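A closer look at the structure
Spelled out from the first residue to the last, the chains are:
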Amino acid sequence: KRIISYNHSDNGKPNIVILGTGWGSISLLKNIDSSKYNIIIISPRNYFLFTPLLPSCPVGTVDEKSIMEPVVNFASKKKGDVTYYEAEATDIDPSNNSITFKSVNNATSLSGELKIKPNTSDLASVHYDYLVVGVGATPNTFGIPGVEEHGFFLKEIPDSKKIRNKFVECVEKANLLPKGDPERKKLLTIVVVGGGPTGVETAGELSDFIEQDLKHIMPNIVDELQILLLEAMPNVLNMFETKLTKYAAKVLSETAIDLRTSTAVTKVEDNFLIAKTKKGESVKEENIPYGMLIWATGNKQRPIVQSLAKKIPDQSDVRRGLVVNENLLVKGSKNIFAIGDCSNAKLAPTAQVAHQEAEYLAKVFSKIASKPSFTEQLSKSDVSRVPAVFESVGIKPFNYIHLGALAYLGSEKAIANVTYGKRNLYSGGGLFTFFVWRVLYVSMILSVRSRFKVCADWLKIAFFGRDCFKEL
Ligand code: FAD
Ligand code: NAD
């Protein structure tokens, strides 16, 4: 296939290519001094997604559009040359410092005339002086048979819509069947696999919708609707202290959620799944018929990350992401940084980590810009000398400050552990923590427009209930 090469290098400034428009990449764009570089963003998703409120979307507690912010809204506030390609990066060539990307749907130059012609069929390539990989990760099925075909994930906006459609379809179909019909029971069994925060929050939101809205619309259905939350470990939400995980299990048991811990799903068929529950030394196997299956068991790396790792000798084990050094530089490379879920800095794959890494990287690029000969010096130096070259311009190692964790449980109850590094500032669960959760989430949203829309959604459901329409 023909590869069109796009030139961004005629003004003498170094090119920084940023892959992705998620937590890491957009936080970097917001913070970087773009007047010193040509900034080129490549991502198939033309908006930033505020993932912490994604579990609220399938049932309409928060509208999907409220947590999406177009990339141009961030990019248009920047000085200098910023170009956005709505395209998927397919290959990184570290020996030639180039990126190949495909299916360019759109391209936006935010600082004047567009010098390129978008083309939807050909591959395109661009040269980088520095590359920031922020492509995130993708849901992990651990190779369990049937999950890809029959499971629903919750990672992106289209996933939320698919879950809503399937849930409403199950309820409507069941409503047409007589009580006691096994098919009706099956359709009204919603199984959520994974008791991490994604699974718990999604189950909690579904339970809220059933208790607060569906009860009034379809009163004959709600008593039969069952949400099964299956978790392989003995506890849910294992990133919290035991006191809070125990409290979470108690709150979940008081709702429409049937929590089963020490229960691992091993196989998924079209209409039922197989789960194994451990009790002491014994293991009980059970066939569970389901109407809808939501799969939330964590992440695995994307193919582009795996293929880059194969090209760099120091990256022999990429399961947890591209291994980075104390400056977030991909080990074995001189000019490729990795941030967020696609990187392995021995930190959890969270928005909080990606955001802090991006803020740090923005400072690194300011230091680099303060020494005009830096880029040339770096390209001539040996890989083993790279940390010393960084140190020579006063770049300090990345220091992560853990600010805690929050999770919504349903029934207007949340758990929170607010910290500043090792200092514990607040730890608790219940209604008050639910308000703390809301205030902190709103403050984390990256744009004023989105903050306003989320608050308006919460106000709207307090008066009028949720919008949970099929196909919308
Ligand atoms: P992402 O935000 O996933 O962004 C990746 C970007 O890369 C996307 O724009 C994608 O389109 C793009 N991309 C993908 N492939 C390519 C390619 N080939 N070329 C170019 N671009 C590509 N964390 C918290 O700290 N708190 C929370 O409350 C929280 N809640 C969550 C709720 C849910 C439902 C989920 C799924 C996650 C949640 N997380 C939370 C985790 C958090 O969302 C991730 O850790 C965070 O998004 C990681 O940021 P990132 O930039 O690495 O990746
Ligand atoms: P996770 O990795 O945190 O949890 C997945 C859970 O699935 C684990 O508890 C695991 O034991 C369980 N599991 C795995 N295989 C299973 C099987 N076959 N059967 C039953 N259970 C199985 O995944 P997540 O919840 O998607 O979160 C991913 C990342 O995003 C984490 O770092 C998390 O902290 C972050 N996140 C944070 C929040 C928040 O802070 N509120 C919300 C969502 C996600």
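Predicted model, so just to flag it, every value in this text is computed and none were measured.

**Digging into the site of ligand 1**
With respect to spatial proximity, 29 residues lie near ligand 1, and among them Thr21, Gly24, Thr51, Asp341 and Tyr441 are the closest. Separating an oxygen atom of ligand 1 from a backbone N or O atom of Gly24 is a distance of 2.8 Å. Within the contact set of ligand 1, an oxygen atom lies 2.7 Å away from a side-chain nitrogen or oxygen of Tyr441. Listing elements by their share of the shell around ligand 1, those giving two or more residues are α1 (23-31), β3 (38-43), β6 (81-93) and α10 (351-370). For the shell around ligand 1, the element with the most residues is α10, which contributes three residues.

**A look at the sheet that holds strand β13 (residues 257-260)**
Taken together, the four strands give an open sheet; going across it, the order is β13-β12-β11-β17, and neighbouring strands pair in parallel fashion. Unpaired on one side and paired on the other, β13 and β17 (292-295) mark the two borders of the sheet. Between one strand axis and the next, the sheet turns through 20° on average, direction left out of account. In terms of strand pairing, strand β11 (residues 189-193) meets β17 through four bridges, oriented parallel. Following the sheet pairing, Ile190 is matched in β17 by Met292.

**A few points about the side chain of Arg45**
One can find Arg45 in the loop between β3 and β4 (47-49). Given the relative accessible area of 16%, Arg45 is considered buried. Side-chain polar atoms of Arg45 contact the side chain of Glu156, separated by 2.8 Å. Setting aside chain neighbours within four positions, we find Arg45 in contact with Thr21, Gly22, Val71, Tyr84 and Glu156.

**So, unusual backbone geometry**
Most peptide bonds are trans, and most residues other than glycine sit at a negative phi. Positive phi values are uncommon outside glycine, yet Leu328 reaches one of about 70°. Position of Leu328 relative to the elements: it lies in the loop between β19 (322-323) and β20 (336-338). In this structure Leu328 comes out as buried when scored by relative accessible area, which is 1%. Even without being a glycine, Lys346 presents a positive backbone phi close to 60°. Looking at the secondary structure, you find Lys346 in the loop between β21 (343-344) and α10. Residue classification places Lys346 among the exposed positions, given a relative accessible area of 73%.

**Here we look at the packing of aromatic side chains**
Taken as a whole and judged by the stated rule, the model has 20 aromatic pairs. With a centroid separation of 5.4 Å and 70° between ring planes, the pair formed by Phe337 and Phe365 is classed as edge-to-face. Of the two residues, Phe337 is situated in strand β20 and Phe365 in helix α10; the sequence distance between them amounts to 28 residues. The same class applies to Phe337 and to Phe365, which are both buried. Aromatic ring contacts, followed pair by pair, group Trp23, Phe48, Phe50, Phe74, Tyr408, Phe434, Phe435, Trp437, Tyr441 and Trp458 into a single cluster. Its guanidinium or amino end placed over the ring of Trp458, Arg438 lies 4.2 Å from that ring's centre, counting from NZ or CZ.

**Observations regarding the layout of surface pockets**
In this model, the second largest pocket occupies a volume close to 300 Å³. With six residues, the top contributor of residues to the lining of the second largest pocket is α10. Considered class by class, the residues forming the lining of the second largest pocket number seven nonpolar, three polar and four charged.

**Some details on the sheet that holds strand β15 (residues 272-279)**
Judged by pairing direction, the sheet is antiparallel, and its three strands sit side by side in the order β14-β15-β16 without closing on themselves. With partners counted over all chains shown, the strands left at the sheet margins are β14 (263-268) and β16 (282-289), one partner each. Neighbour-to-neighbour, the strand axes of this sheet turn through a mean angle of 25°, independent of strand direction. With eight bridges joining them, β15 and β16 adopt antiparallel strand pairing. The residue bridging Ile274 from the neighbouring strand is Asn287, located in β16.

**Thoughts on the site of ligand 2**
The local shell around ligand 2 holds 24 residues, among which Thr198, Glu231, Val265, Pro349 and Leu406 are the closest. Between ligand 2 and the protein, one listed contact pairs an oxygen atom with a backbone N or O atom of Pro197 at 3.3 Å. Val265 is positioned with one of its backbone polar atoms (N or O) 3.1 Å from a nitrogen atom of ligand 2. For ligand 2, whose unbound accessible area comes to 840 Å², protein coverage reaches 76%. Elements supplying a minimum of two residues to the shell around ligand 2: α6 (197-217) and β14. Its residues placed into classes, the shell around ligand 2 shows 14 nonpolar, eight polar and two charged.

The rules we used
- Residues numbered from 1 in each chain as written.
- Chains lettered and ligands numbered in written order.
- Predicted model: local features only at pLDDT ≥ 70, side-chain atom pairs only at ≥ 80, totals over all residues.
- Heavy atoms only, no water.
- Near = heavy atom within 4 Å.
- Polar contact = N/O pair within 3.5 Å; in protein donor to acceptor, adjacent residues only side chain to side chain.
- Helix = DSSP H or I, 4+ residues; strand = E, 2+ residues; numbered from the N terminus.
- Pairing = 2+ DSSP bridges.
- Axes fitted to C-alpha atoms, helices over the stretch in contact; angles between N-to-C directions.
- Buried < 20%, exposed > 50% of the residue type's maximum accessible area, 1.4 Å probe, protein only.
- Contact = heavy atoms within 4.5 Å.
- Phe/Tyr/Trp six-rings, centres within 6.5 Å; stacked < 30°, edge-to-face > 60°.
- Lys NZ or Arg CZ within 6 Å of the ring centre and 35° of its normal.
- 1 Å grid on protein atoms, 1.4 Å probe; cavity = no way out; pocket = protein on both sides within 12 Å on 5 of 7 lines; lining within 4 Å.
- Points joined across faces, edges and corners; volume = space filled by probe spheres on them.
- Nonpolar A, V, L, I, M, F, W, Y, C, P; charged D, E, K, R; others polar.
- Areas by Shrake-Rupley, 256 points an atom, 1.4 Å probe, with all protein chains shown as cover.

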